[in-house]
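Summary of the model geometry
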Amino acid sequence: MRKVLLNVAMSLDGLIEGPGGEFDWCFTDDDYGMTPFLERVDAIFYGRKSYEVLMREGKGQNPFKDKRSYVFSKTLGRSDNYTLISDRLVESVQEIKQKEGADIWLFGGTNLTKQLVENKLVDELFLAVHPLILGSGKPMFDLAGRVSLKLLDTKPYKSGLVSMHYQIV
């Protein structure tokens, strides 16, 4: 069965955006393990806002166009660029996980992540923790309960970023 992998950049205080929605603090000076990660996945799950930000930042071009895109939204219309999932979230993800293929990157956002984690549909976490405390902004995790994790790997970088890989148990 395919796995759903959350891979996200966050500040040391667990935020994924600053108070104005900014993410200019994310390091882009190194690969930080993204090349082997991207080789592991052939599909990406996006929340509507995350997909719109990606398209805006990419000037309308998806930098991951070689991966199958699934966008979870009740407001976006259908597109040739992605498969739209507007209802039956849990059932749809379960069905996609059962299909043949490589693993799936849960790109974001926080609402989609919350729903998938709380429904036990996320298998692993890849957290790129930046050496920065934002103080305020959008928290990565706003869950209803505890989630137990097993540490699989860590990798510190010269920049101070620490990559942590966990399995959800």
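Residues numbered from 1 in each chain as written. Predicted model: local features only at pLDDT ≥ 70, side-chain atom pairs only at ≥ 80, totals over all residues. Heavy atoms only, no water.

**Notes on the layout of surface pockets**
Empty space among the atoms can be located by rolling a probe the size of a water molecule over them. Approximately 280 Å³ is the volume found for the second largest pocket. Secondary-structure elements contributing two or more residues to the lining of the second largest pocket are helix H4 (110-118) and strand S10 (162-168). Considering each element in turn, the lining of the second largest pocket owes the most residues, three residues, to H4. Of the residues contributing to the lining of the second largest pocket, the split by class is eight nonpolar, three polar and six charged. (1 Å grid on protein atoms, 1.4 Å probe; cavity = no way out; pocket = protein on both sides within 12 Å on 5 of 7 lines; lining within 4 Å. Points joined across faces, edges and corners; volume = space filled by probe spheres on them. Helix = DSSP H or I, 4+ residues; strand = E, 2+ residues; numbered from the N terminus. Nonpolar A, V, L, I, M, F, W, Y, C, P; charged D, E, K, R; others polar.)

**Focus: the packing of aromatic side chains**
Per the stated rule, a full pass over the model turns up twelve aromatic pairs. For the pair Tyr46 and Phe107, a centre-to-centre distance of 5.1 Å together with 55° between the ring planes defines the contact as tilted. Taken together, the positions of Tyr46 in strand S3 (residues 41-47) and Phe107 in strand S6 (residues 103-108) put the pair 61 residues apart, joining distant regions of the chain. The class for Tyr46 is buried, based on a relative accessible area of 0%. Here a set of aromatic residues connected by ring pairs shows up, and it is made of Phe37, Tyr46, Tyr51, Phe64, Tyr82, Trp105, Phe107 and Phe126. (Phe/Tyr/Trp six-rings, centres within 6.5 Å; stacked < 30°, edge-to-face > 60°. Buried < 20%, exposed > 50% of the residue type's maximum accessible area, 1.4 Å probe, protein only.)

**Focus on the environment of Arg68**
Along the chain, Arg68 falls in strand S4 (residues 68-72). Sequence-wise, Arg68 and Ile104 are 36 residues apart; in three dimensions their C-alpha atoms are separated by 9.1 Å. Setting aside residues no more than four positions away along its own chain, Arg68 makes contact with Asp42, Ala43, Ile44 and Thr83. Of note is the side chain of Arg68, whose polar atom sits 3.0 Å from the side chain of Thr83. (Contact = heavy atoms within 4.5 Å. Polar contact = N/O pair within 3.5 Å; in protein donor to acceptor, adjacent residues only side chain to side chain.)

**A closer look at the pairing of strand S9 (residues 149-156)**
Bridge count between S9 and S10: seven bridges; the pairing is antiparallel. Along S10, the bridge assignment pairs Thr154 with Met164. Linking S9 back to S10 in an antiparallel pair, the connection comprises five residues, with Gly160 at a positive phi of about 100°. (Pairing = 2+ DSSP bridges.)

**Some thoughts on the pattern of salt bridges**
Under the definition given, this model contains ten salt bridges. Its salt-bridge partner being Arg2, residue Asp42 comes within 2.6 Å of it at the nearest N-O pair. In this pair, Asp42 sits in strand S3 while Arg2 sits in the segment before strand S1 (4-11), placing the two residues 40 residues apart along the sequence. With relative accessibility at 6%, the residue Arg2 sits in the buried group. Of the charged contacts, one joins Arg40 and Asp103 as a salt bridge, the two residues approaching to 2.8 Å between their closest N and O atoms. With Arg40 in helix H1 (residues 34-40) and Asp103 in strand S6, this pair connects stretches of sequence that are 63 residues apart. (Salt bridge = Lys/Arg side-chain N within 4 Å of Asp/Glu carboxyl O.)

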